[in-house]
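Here is how the chains run, residue by residue.
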Amino acid sequence: MNWSLDELYSSFKSEEFKKDLSRFDELTNEYIKWSDKIVKDEKNLKSKLNEYISKMTEISTISSKIMIYSNLTFSVDTKNEEALKSMEMIEQKLTLLSEPDAKIQRWIGSLNNLQKIIDSSKKLKEYEFYL
């Protein structure tokens with residue numbers, strides 16, 4: 001039985017994979033820089049929380065797609081160095097997000113009016129449990 005991963009990517013060398021890998025790198029770097037700014041400014045909290053949800057959703061979506069492709073490829077061929085390299089790179093980048101994410105989580109936890117902000121936004125209400 002053969003399976004096809006073409007729904008994700010045709011190969012590690014495909015333009016789609018390269019583009020997503022590059023975008024994941026950009027998103028990671030942007031998020032790290034953005035996390036320092038967000039916790040220092042108490043203005044437009046609703047907007048910042050919405051932006052946080054959007055950034056995390058985009059990072060999660062693209063990293064999951066790349067990681068799933070890499071894991072499935074590696075599952076079939078455990079000697080596939082491209083798959084292993086891709087998985088290691090994604091894990092390393094995700095590790096870099098730990099500190100900024102912890103910083104943002106502390107900031108969110110310190111907001112006195114968090115429930116009021118959540119209640120004022122349909123999008124934030126969908127993520128109420130997470131927030």
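See the structure above.
Attention here is on the structure that accompanies the text. Note that this is a predicted model, so its numbers are computed, not measured.

1. Describing the packing of helix α2 (residues 45-76) against helix α3 (residues 81-96)
Okay, step 1: Running from amino to carboxyl end, α2 crosses α3 at an angle of 145°, the nearest separation of the two axes being 8 Å. For α2 against α3, the interelement crossing comes out left-handed. Contacts between α2 and α3 involve Ser-63, Ile-66, Met-67, Ser-70, Asn-71, Thr-73 and Phe-74 from the former and Ala-83, Leu-84, Ser-86, Met-87, Ile-90, Glu-91 and Leu-94 from the latter.

2. Looking at the environment of Ser-35
Okay, step 1: Tracing the chain through its elements places Ser-35 in helix α1 (residues 15-38).
Okay, step 2: Expressed as a C-alpha distance, the spacing of Ser-35 and Phe-12, which sit 23 residues apart in the sequence, is 30 Å.
Okay, step 3: Excluding residues within four positions of it along the chain, Ser-35 makes contact with Pro-100, Lys-103 and Ile-104.
Okay, step 4: Within the structure, Ser-35 has its side chain in polar contact with the backbone oxygen of Ile-32 (distance 2.8 Å).

3. Thoughts on the nonpolar core
Okay, step 1: Formed by 32 residues in total, the largest nonpolar core has its most connected members in Tyr-31, Leu-49, Tyr-52, Ile-104, Trp-107, Ile-108 and Leu-131.
Okay, step 2: Counting residues per element, the ones that place at least two in this core are α1, α2, α3, α4 (98-110) and α5 (114-119).
Okay, step 3: If you tally residues by element for this core, the top one is α2, at ten residues.
Okay, step 4: If we skip the residues at most four places from it in the chain, Tyr-31 touches Tyr-52, Lys-55, Met-56, Ile-59, Leu-97, Pro-100, Asp-101 and Ile-104.

4. Concerning the packing of α1 against α3
Okay, step 1: In the contact formed by α1 and α3, the axes pass within 10 Å of each other and the chain directions differ by 20°. Viewed along their axes, α1 and α3 adopt a mutual orientation that is roughly parallel. You can see that α1 and α3 cross each other, and the crossing is left-handed. Contact residues: Phe-17, Leu-21, Phe-24, Asp-25, Thr-28, Asn-29 and Ile-32 in α1; Ser-86, Met-89, Ile-90, Lys-93, Leu-94 and Leu-96 in α3.
Okay, step 2: Among the residues making up the contact of α1 with α3, the classes are represented as eight nonpolar, three polar and two charged.

5. Considerations on the side chain of Asp-101
Okay, step 1: Turning to its location among the elements, Asp-101 is positioned in helix α4.
Okay, step 2: Dropping the residues within four chain positions of it, Asp-101 is found in contact with Tyr-31, Tyr-52, Met-56 and Tyr-130.

So, how was this worked out
Residues numbered from 1 in each chain as written. Predicted model: local features only at pLDDT ≥ 70, side-chain atom pairs only at ≥ 80, totals over all residues. Heavy atoms only, no water. Axes fitted to C-alpha atoms, helices over the stretch in contact; angles between N-to-C directions. Helix = DSSP H or I, 4+ residues; strand = E, 2+ residues; numbered from the N terminus. Left-handed = near helix turned anticlockwise from the far one by under 90°. Contact = heavy atoms within 4.5 Å. Polar contact = N/O pair within 3.5 Å; in protein donor to acceptor, adjacent residues only side chain to side chain. Core = buried A, V, L, I, M, F, W, Y, C linked by side-chain atoms within 4.5 Å. Buried < 20%, exposed > 50% of the residue type's maximum accessible area, 1.4 Å probe, protein only. Parallel < 35°, antiparallel > 145°, perpendicular 65-115°, else oblique. Nonpolar A, V, L, I, M, F, W, Y, C, P; charged D, E, K, R; others polar.

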